[in-house]
Amino acid sequence: MQRLFNRRRSRPQPAASASVSERLVRVGCPAHNCGGRCLLVAHVQNGRITRLDTDDRPDVLAAPQLRACVRGRAYLRRQYHPERLLYPLKRTGRRGEGKFTRIPWDEALDWAASELQRVKAAYGSSALFVPYGTGSYNQLNGSQTARRLMNLFGGCLGIYNSYSWACINVATPTVYGTLQTGNQRQDWLNSRYILMWGWNPAEMRDGTNSDYFIRLARENGARVVCIDPRHSLSAASLADEWIPIRPGTDAAMMSAMAYVMLTEGLYDAEFVRTHCLGFDSSQMPQGYEGAESYADYLLGCCDGLPKTPEWAEKITGVPRQTIVRIAREYATLKPGMLYQGYGMQRRAYGEQVVRAGCVLAAITGNVGIPGGWASGLALQAPDGGPFWNVFPVGENPVKASIPVFLWSEAVLRGHEMGKQDGVTGADRLENDIKLIYAVASNALINQHANINRSAQILQDESRVEFLVVQDQFLTPTARFADLILPACTQFETWGIEDGWKYGDEVILMPKLVEPPGECKSDYRICAELAERLGIGAEYTQGRDERAWVGWIIERYRETRFPDIPSLEELEASNVGVYANPVTQPAIAFADFRRDPQAYPLDTPSGKIEIFSQSLHELGRPNEIPAIPKYIQEWESPFGPEAKQYPLQAIGHHTLSRVHSTHANNDWLAEAFPQRVFINPIDAQARGIEDGDLVQVFNGRGATVLPCRVTPRILPGVVDIPQGAWWAPDENGVDRGGSVNILTSERWTPLAFGTAQHTFMVEVKKAR
Ligand SMILES: Nc1nc2c(c(=O)[nH]1)N[C@H]1C(S)=C(S)[C@@H](COP(=O)(O)OP(=O)(O)OC[C@H]3O[C@@H](n4cnc5c(=O)[nH]c(N)nc54)[C@H](O)[C@@H]3O)O[C@H]1N2
Ligand SMILES: Nc1nc2c(c(=O)[nH]1)N[C@H]1C(S)=C(S)[C@@H](COP(=O)(O)OP(=O)(O)OC[C@H]3O[C@@H](n4cnc5c(=O)[nH]c(N)nc54)[C@H](O)[C@@H]3O)O[C@H]1N2
Ligand code: SF4
Ligand SMILES: [Mo]
């Protein structure tokens, strides 16, 4: 207990007016996949949560308070929503029609178990599928409970990578050989210059407190520049300067910055010489001496096109003087951080912008030093932080895995899919997907690209023969289910969570209230299914949810947090959280920086690979070059598609939702109404005024929603915050403002990742 930093005040005190029967419990926010992990103080009275306050513990730099955002504070509107699913439901209409009838749990579970057995017997285990679903990370609720079930049942088709980070996950190690490229955040205070590149931590939570650490760094004298097509909340509240940029062109600006550094001699030549590979022809790996080096690319030696600021201005829309100035600032105001957001890698050729950012960090010599930042995914040193599941899902007996974004391909043509489609663990798939068990996922419809296409695929009952959705609401995905199983919320079962990317904490999530209706925890539902499949004892190991939480805490103690209190101690003290204070922030690559021979990187050369041998070997230089390049996107203002659909669109992660979770939260919808953001120049050209109902459309679909006319977005670009629920009218036009009605299912070349932010649209006034 010694290291609990809130020992001075270990128990929330009820307010003077609180009634005697009121309990105050510190509890982890249900979080979902919100980008944070915060502490709430729940007021519980007569079996009901009446109020949610935020972290009340002392605030110290080594372990700051985990202050809740609006979503956590508004959670009661979700918790006590009148449309919570309460009973198992069986489909009565067509798939997607949304017609269901209530059935008893026994019938529901018997049916699900018999379908699992039937499909397994008919096609084999690899026809079973648990899709991406990030609705809960409280360990005992969420899709991991279904993965454990499937793995014990003989396995199912695997998935790898994520919708979030596909390109950055794959591209970062091509440069650094690791994903742990980030210093611990307390070190940000040592930085003098911070480039928030497509990064919006004031709104998209990227670890609770990341925005706070940037604020502290700025108070400490750092200059902060935000590069984003939108004047984001971060540009407004955290930055000294906003540089609007045309989406999908960042690699061009990065290349031009490198050109300036090269031609003006501003790059860190010594660090490049000792720690990097492939910057210029003097340091090409053996056997590749004649290949194009980064300097060759910048100077246009092969393509005749020097990557000058003038060249980049035409592509990016950023004035050449600005590019030159930012290059000089970043190269000289040291140490400096170039933090890459993820939105710009959820795009066509998203791999390139990641590699280009890493290379800028390397050639400015900002790697391995306090106040510097290597870019890339930037999991925190020294060990990546506590992150992901401790709850054991077990081994999947089916070895074949698909890139997560290609699930619809595996429904349509799984049996044809092989390495060329990113299949790993097998040369090819044996099956199409025939049964889907979706837990805590809206990624079959709402969060996947091209909703009309996904809907058509799922409507065909000869393809996916059985579709179970386990959720708390009748979401757009749930509307396509054959069977819906009602899950409780995280406040209604036991759970435990740890940091989201950053944060050295473990947060307890005690059960606060009973579930409504016949809702059960995901764990309980899977345990009861396991029982029917004859694997009940293996599944539960005799533990209920609370016992698993105790078991998980012991694993944390064994692996990472030797001082973590036991479940009983945590519960009795009501501190809610175990935090490991960071007094000496770890610096990624510090050893490598000091002695690159003794501490080589895990890359083929042991160095920072500006030129990647392994990418060169793929032999696809136009899409996967060995050095980072700007490549025009497949839907672009510079392509022929712009004639019909002249506006670039994106869909940022909004403060009011966790993806599609909270889409039905009335408080949040009132505070942040769903609107398409459009520049006055584009609005005027179309006779559109602020607040008008407009239709945004392209060849894939159309959505109608109100617009916000604002100079806070670059002309030529519109933004529809992602996650609003798809609500088609009788003509198939979406009335919910769901961006994925417009996005494309095409994947990126190397990572097989989503490129959902690359698409063109037109906007017109609607009725
Ligand atoms: N509030 C909130 N926070 C969240 C989430 C949420 O749903 N809501 N989800 C969490 C999850 S799972 C994830 S993966 C992360 C996602 O985090 P990100 O992917 O980083 O979030 P986005 O909002 O998609 O993109 C960040 C910024 O990039 C900008 N952008 C888009 N395209 C480009 C481009 O081509 N160039 C440049 N320079 N900028 C561009 C957007 O305008 C936006 O301001 O967020 C996490 N945090
Ligand atoms: N156009 C576009 N699309 C995107 C993105 C984008 O930037 N642009 N971002 C992508 C990213 S980064 C991500 S991570 C995905 C996220 O996609 P998803 O993983 O599908 O996330 P959510 O939309 O939040 O859906 C989670 C579902 O889980 C349910 N749920 C919540 N808690 C529980 C629980 O405890 N148990 C059960 N059974 N259900 C629960 C919620 O009600 C919700 O329906 O979306 C991706 N889609
Ligand atoms: S950032 Fe996430 S965990 Fe924190 S309050 Fe918001 S929704 Fe909850
Ligand atoms: Mo994500």
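Look up: the structure comes first, before these words.
What counts and what doesn't
Residues numbered from 1 in each chain as written. Chains lettered and ligands numbered in written order. Predicted model: local features only at pLDDT ≥ 70, side-chain atom pairs only at ≥ 80, totals over all residues. Heavy atoms only, no water. Helix = DSSP H or I, 4+ residues; strand = E, 2+ residues; numbered from the N terminus. Rg over C-alpha atoms; globule rule 2.2 N^0.38 Å. Buried < 20%, exposed > 50% of the residue type's maximum accessible area, 1.4 Å probe, protein only. Contact = heavy atoms within 4.5 Å. Areas by Shrake-Rupley, 256 points an atom, 1.4 Å probe, with all protein chains shown as cover. Lys, Arg positive; Asp, Glu negative; His and termini not counted. Charge placed at Lys NZ, Arg CZ, Asp CG, Glu CD. Near = heavy atom within 4 Å. Polar contact = N/O pair within 3.5 Å; in protein donor to acceptor, adjacent residues only side chain to side chain. 1 Å grid on protein atoms, 1.4 Å probe; cavity = no way out; pocket = protein on both sides within 12 Å on 5 of 7 lines; lining within 4 Å. Sits in = over half its atoms within 2 Å of the grid points. Nonpolar A, V, L, I, M, F, W, Y, C, P; charged D, E, K, R; others polar. Domains from an automatic or database assignment. Salt bridge = Lys/Arg side-chain N within 4 Å of Asp/Glu carboxyl O. Core = buried A, V, L, I, M, F, W, Y, C linked by side-chain atoms within 4.5 Å. Expected span 1.5 Å × (residues − 1). Points joined across faces, edges and corners; volume = space filled by probe spheres on them. Pairing = 2+ DSSP bridges. Axes fitted to C-alpha atoms, helices over the stretch in contact; angles between N-to-C directions.

Chemist: Would you mind going over the overall build of the protein chain with me for this structure?
Modeler: Counting secondary structure elements, the protein chain contains 23 helices and 26 strands. Taking 27 Å as the expected radius of gyration for a compact globule of 767 residues, we find that the protein chain reaches 26 Å, a close match to that expectation. Here the protein chain, with 767 residues, has 66% of them falling under the buried criterion. Partitioning the intrachain contacts of the protein chain with sequence separation of at least 6 by distance along the chain shows that 74% fall at a separation of at least 24. Of the roughly 26,500 Å² of accessible surface on the protein chain, 49% is carried by carbon and sulfur atoms. Treating the 80 positive side-chain charges of the protein chain as one cloud and the 85 negative ones as another, the clouds have centres 3 Å apart.

Chemist: Looking at this structure, I do not really get the side chain of Ser738. What am I missing?
Modeler: Here Ser738 is to be found in the loop between β25 (717-719) and β26 (759-765). Owing to a relative accessible area of 1%, Ser738 belongs among the buried residues under this scheme.

Chemist: So what exactly am I meant to see when it comes to the site of ligand 1 here?
Modeler: If you check the shell around ligand 1, you find 36 residues, and the closest are Arg205, Asp228, Asp250, Arg346 and His653. In the environment of ligand 1, a nitrogen atom lies 2.8 Å from a nitrogen or oxygen atom belonging to the backbone of Glu203. Here a nitrogen atom of ligand 1 sits 3.3 Å away from a polar atom, N or O, in the main chain of Ile227. The protein chains hide 99% of the 910 Å² of surface that ligand 1 would expose on its own. Judged by the proximity of its atoms to the pocket grid, ligand 1 belongs to the second largest cavity. When the residues that make up the shell around ligand 1 are grouped by side-chain class, the tally is 13 nonpolar, 14 polar and 9 charged. Taken domain by domain, the shell around ligand 1 gets at least three of its residues from each of domain 2 (167-384 + 587-617) and domain 3 (640-765).

Chemist: Would you mind showing me how to read the pattern of salt bridges here?
Modeler: Pairing is possible between side chains that carry opposite charge, provided their charged atoms lie close to one another. Overall, the coordinates contain 51 salt bridges when judged by the stated rule. For Arg223, the salt bridge identified is with Glu329, shortest N-O distance 3.3 Å. You can see Arg223 sitting in strand β9 (residues 223-227) and its partner Glu329 sitting in helix α12 (residues 320-332), a full 106 residues away along the chain. By relative accessible area, which is 14% here, Glu329 ends up buried. Arg325 is the salt-bridge partner of Glu241, the closest N and O atoms lying 2.6 Å from each other. Placement of the pair is Glu241 in strand β10 (residues 241-243) and Arg325 in helix α12, with a sequence separation of 84 residues. Overlapping salt bridges, with partners in common, bring together Glu409, Arg413, Asp421, Arg453 and Glu745 in one network.

Chemist: I keep staring at the nonpolar core and nothing clicks. Help me out?
Modeler: Nonpolar side chains in soluble globular proteins tend to end up buried together. The biggest cluster of nonpolar side chains holds 97 residues, and the ones touching the most others in it are Tyr176, Leu195, Met257, Ile363 and Ile608. Looking at this core element by element, the count peaks at 11 residues for helix α8 (residues 250-263). Once residues lying within four places of it in the same chain are set aside, the contact partners of Ile363 are Ala258, Met261, Tyr267, Asp268, Val272, Phe279 and Ile610.

Chemist: What is the right way to look at helix α18 (residues 545-559) in this model?
Modeler: For an α-helix the count is 3.6 residues per turn, leaving residues at separations of three or four pointing the same way. Its 15 residues place the ends of α18 21 Å apart at the C-alpha level, agreeing with the 21 Å of an ideal helix rising 1.5 Å per residue. The set of residues buried in α18 consists of Glu545, Trp548, Val549, Gly550, Ile552, Ile553 and Tyr556. The inward-facing, buried residues of α18 abut α4 (143-152), β17 (495-500), β18 (502-509), α16 (522-532), α17 (536-540) and α19 (567-573).

Chemist: Sorry if this is basic, but what is going on with helix α13 (residues 350-363) here?
Modeler: Taking 1.5 Å per residue, 14 residues should reach 20 Å; α13 reaches 21 Å between its end C-alpha atoms and fits that length. Most of α13 sits inside the fold, with 14 of its 14 residues counted as buried. Looking one or two residues past α13, Gly365 carries a phi angle of roughly 70°, positive in sign.

Chemist: How should I be thinking about the layout of surface pockets in this particular structure?
Modeler: It is the rolling of a water-molecule-sized probe over the atoms that shows where space remains empty. In this structure, the largest pocket spans a volume of roughly 780 Å³. For the lining of the largest pocket, the secondary structure elements donating two or more residues are α4 and β7 (158-160). Per-element accounting of the lining of the largest pocket gives the leading share, 4 residues, to α4. Per-domain counts for the lining of the largest pocket show at least three residues from each of domain 1 (89-163 + 398-492 + 517-542) and domain 2 (167-384 + 587-617).

Chemist: Any chance you could explain the site of ligand 3 here in plain terms?
Modeler: Around ligand 3, the neighbouring residues are Cys29, Ala31, Cys34, Gly36, Arg37, Cys38, Ala68, Cys69, Arg71, Gly72 and Arg205. Grouping the constituent residues of the shell around ligand 3 by class yields 6 nonpolar, 2 polar and 3 charged.

Chemist: Any chance you could explain the sheet that holds β26 here in plain terms?
Modeler: In a beta sheet, neighbouring strands pair by backbone hydrogen bonds and run either parallel or antiparallel. With mixed pairing, 6 strands are arranged side by side around a closed barrel as β21-β25-β22-β24-β23-β26. Recorded for the sheet is a direction-independent mean angle of 45° between the axes of neighbouring strands. Sheet topology places strand β21 (residues 647-650) next to β26; 3 bridges connect them, and they run antiparallel. In the strand pairing of β26, Gln648 is matched with Met760.

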